[in-house]
Amino acid sequence: MAKRKTKTKTTKKTKFKKPSLKLSNQQKLIFGSLLLILGILLFIAFLSYFFTGQTDQSILGEFSSRQAKAENWMSKVGAWISDLFIYKGFGIASFIFSGLIFISGIYVLLDIKKQRLGRHWFWGTIIAIWVSVLLGFFSANNAMLGGTIGFEINTILQDYIGKIGTVLVLLLALITYLAIRFKMTPEQIGKWFTSAKKEIKDEFSKSDDAAVIVDNNLSAEAEEIKSAFEIPLENLEPTIENHSKPTQEPKSDKKDIKTEVNKEKNDLKMEVEKVTEESSESDNLADKIVEDFGRFDPTLELSKYQFPTLELLKKYDTEGITINQEELEENKNKIVETLSNYKIGISSIKATIGPTVTLYEIVPDAGIRISKIKNLEDDIALSLSALGIRIIAPIPGKGTIGIEVPNKKATIVSMRSVIASQKFQKAEMQLPIAMGKTISNETFVFDLAKMPHLLMAGATGQGKSVGLNAVLTSLLYKKHPAEVKFVLVDPKKVELTLFNKIERHYLAKLPDSEEAIITDTTKVVHTLNSLCIEMDNRYELLKNAMCRNIIEYNTKFKARKLNPNDGHKFLPYIVLVVDEFADLIMTAGKEIETPIARLAQLARAIGIHLIIATQRPSVNVITGIIKANFPARIAFRVTSKIDSRTILDGSGADQLIGRGDMLYTQGNDMIRIQCAFVDTPEVERITDFIGSQKAYASAHELPEYVGEESGTSLDVDIEDRDKLFREAAEIIVIAQQGSASLLQRKLKLGYNRAGRLIDQLEAAGIVGQFEGSKARQVLVTDLTALDQLLNNERE
């Protein structure tokens, strides 16, 4: 009996968050169209009222009579509504409401955030009232302009504070609106007045200059007319002699011209410009160069490149989250019941619905130990009959305990929805990646440049390859081919083949390589070492440019502060993607691990970033050296807690439900995300769209790497061979195994000498080329063939 009373009390204290109403696509179409049409009808009725309003006054009282006819273009309903809004309401400002209803229809149809629509309605109503009062102030005798509301408010204000006070109140309301709505400050108003004053002053100075030019033109024309009527100097000479005056020699033409010019100069008005001190050449030289030649644009060669459109990605009908009230209530009751069976009381519970998982946040009663709830994970999973139950005790940053329960009906998170999100579109990041959606249905976007490297792991078929495609798709939608290059390693040979189509746009490869997507283990080793050379070269450029990272370097280069003749160039980001890392470790071992670790340690600052994916996250694959340099990790579903701890340094990945359900960590908290789904046809459409456009002449070439294992041409000379060459050759042929460790054991040699002997045997044609960690192929079948080969060399 006591037990039943406790249970009832617990249920009373429980608080549950009510789900919000969500319209289906069909309901959005109907409701949105209704609002659009209603907005248009109101606009027509309001417009008609200014022509037919006086005539229709007589039939407003006979609204129910079908015989009464209205002149309004929308008949009796239009006459009644327009009279209500315009005459009895806001006057001309009523048109604002027809516009708001029309905009509401657009928002519903396009599924735009409702918060912005609410702001439009709030400020639209405020503007309508202000305009109504303003027009009512100037039209006391015409109620149609300001409406009854504007007229009455004006009457009240003028009775108490007079006309001047009313004007000041209207001005204060306008200033308040501008300050709140547009974040206007006194500094901005001051700048606006200053610029307006300057423009007026410039206009007046231009008009003064024009007046001076007109005066000069008029004076010049007057001089021409005067000279036409004057008597020439030669005709005046006899008259001068008769009057006994000294004879004057005619003035030279040069002197006349000078006098005329001086005369004209005296009539001109001169404007003296203010003298400003010129800054020293060392201060503004770089700025002058940028002004003269413009900033360097790395995208200029492919200036007409078009980014992929959203239409290339598929839009699913089941994208919106549907709330199942019965399921939520059932799960809540089972959680409360299971905990109460173990005498754990709950003071409150809240549900947050995600695409595939619902998070139930509970606040236990005082005195309940968290570890007690954590140990009930399996019991709660049993009571809910669900897989993938995960308990977060406590939730970081909150005073609650989280219980993650998979939804019975999961929602697809499409790549289109995360790419179209404002969080991704407005992301100011160097390498933005839209990975999917969190439990709270927010788009999760991170910057790969700040990670700086990413480790992905998960069992077969859990969404790892789709996750890689999501990463690459995000970068293709955001970065120009001049800004980022991909080095793709695909040992499985089938996962990344679609990206071959964008080889000359986005991919990077070795100079002698035929295909940009690397599938051969030997070429992988060469490529990784080539990236190490590229890293060293870039650090040398940064040192010479006195920059600390690639952002500072490229900023300087774009500003033309670095001379290309000194070897400087624009540096694109390079993203290395390895699809199956475990296979490479098995075949090449340390030869893969060493350059990977070196790149992970050093390559962050110069824009080389690594994304490594593997199916088997065992300790021998993801070693301590690699884990130490990969703080950002993504774990899809794995089969055991040991694998989860290998990736995340904690459990959780073994409790995921698969199909893109993943955990993301960057060394602190774990975030559960539903990975965005991008299908193979979508990737194919994107690569076709990019591949059909103008491209570079070839793929981005990495530095050439010559491996030490490529044979020793210096040892071809028979005289330079080791004394044990013959004996070593016989051992290799008898064992049919080209291994340096075999020679070490049989001949009791050190590693270096055994390695040199293997190189000499390769040069002699006895063993094949280097094949990673595998033993070399023996090309000679038996000792007879060996003797024949060596004898032919001596001849």
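Residues numbered from 1 in each chain as written. Predicted model: local features only at pLDDT ≥ 70, side-chain atom pairs only at ≥ 80, totals over all residues. Heavy atoms only, no water.

S.K.: Report on the overall build of the protein chain, specifying residues and quantitative values.
M.R.: Secondary structure summary: the protein chain contains 28 helices and 15 strands in total. Counting across all 795 residues of the protein chain, residues that qualify as buried make up 42%. Within the protein chain, residue pairs in contact and separated by at least 24 positions form 67% of the contacts whose partners lie at least 6 positions apart. For the protein chain, the accessible surface area stands at approximately 46100 Å², while carbon and sulfur atoms represent 55% of it. (Helix = DSSP H or I, 4+ residues; strand = E, 2+ residues; numbered from the N terminus. Buried < 20%, exposed > 50% of the residue type's maximum accessible area, 1.4 Å probe, protein only. Contact = heavy atoms within 4.5 Å. Areas by Shrake-Rupley, 256 points an atom, 1.4 Å probe, with all protein chains shown as cover.)

S.K.: Before we move on, can you summarise the environment of Ile732 with the specific residues and values?
M.R.: Examined against the element boundaries, Ile732 turns out to sit in helix α25 (residues 725-735). A relative accessible area of 0% means that Ile732 is categorised as buried. A sequence separation of 51 residues divides Ile732 from Leu783, and the C-alpha atoms of the two residues are 9.9 Å apart. Apart from the residues lying within four places of it in its own chain, the contact partners of Ile732 are Gln737, Gly738, Ser739, Leu742, Leu743, Ile758, Leu761, Val767 and Val778.

S.K.: Provide a residue-level description of the pattern of salt bridges, including the pertinent values.
M.R.: In total, this model carries 23 salt bridges according to the counting rule given. Residues participating in the shared-partner salt-bridge network are Arg390, Glu404, Asp661 and Arg672. (Salt bridge = Lys/Arg side-chain N within 4 Å of Asp/Glu carboxyl O.)

S.K.: So what's going on with the packing of helix α2 (residues 25-52) against helix α4 (residues 95-110)? Residues and values would help.
M.R.: At a minimum axis distance of 7 Å, the contact between α2 and α4 shows a crossing angle of 165°. One finds that α2 runs roughly antiparallel with respect to α4. As α2 runs across α4, the sense of the crossing is left-handed. Grouping the constituent residues of the contact of α2 with α4 by class yields 17 nonpolar, six polar and one charged. (Axes fitted to C-alpha atoms, helices over the stretch in contact; angles between N-to-C directions. Parallel < 35°, antiparallel > 145°, perpendicular 65-115°, else oblique. Left-handed = near helix turned anticlockwise from the far one by under 90°. Nonpolar A, V, L, I, M, F, W, Y, C, P; charged D, E, K, R; others polar.)

S.K.: Summarise the sheet that holds strand β5 (residues 432-438); cite the residues concerned and give the values.
M.R.: Spatial ordering of the open sheet is given by β6-β5-β14-β13-β12-β7-β11-β10-β8, a layout of nine strands whose pairing is mixed. Single-partner strands in this sheet number two, and they are β6 (443-447) and β8 (484-489). Strand-to-strand, the axes of this sheet are offset by a mean angle of 30°, without reference to chain direction. As judged from the five bridges shared by strand β13 (residues 661-665) and strand β14 (residues 670-675), these two strands associate in the antiparallel manner. Bridging across to β14, Thr665 finds its partner in Met670. Helix α18 (residues 521-545) rests against β8, β10 (573-578) and β11 (608-614) of the sheet, and its axis sits at about 155° to β10. (Pairing = 2+ DSSP bridges.)

S.K.: Talk me through the sheet that holds strand β1 (residues 346-353); I want residue IDs and the actual numbers.
M.R.: The strand order across the open sheet built from four strands is β1-β2-β4-β3, with neighbouring strands paired in antiparallel fashion. Lying at the two open borders of the sheet, with one neighbouring strand each, are β1 and β3 (390-392). On average, each strand axis in the sheet is tilted by 20° relative to the strand beside it, whichever way the strands run. In terms of strand pairing, strand β2 (residues 357-364) meets strand β4 (residues 401-406) through six bridges, oriented antiparallel.

S.K.: Tell me about helix α5 (residues 114-138), and please be specific about residues and values.
M.R.: With 25 residues, α5 should cover 36 Å at 1.5 Å per step; its first-to-last C-alpha distance of 36 Å lies within 8% of that length. Buried within α5 are the following residues: Leu117, Trp123, Gly124, Ala128, Ser132, Val133, Gly136 and Phe137. (Expected span 1.5 Å × (residues − 1).)

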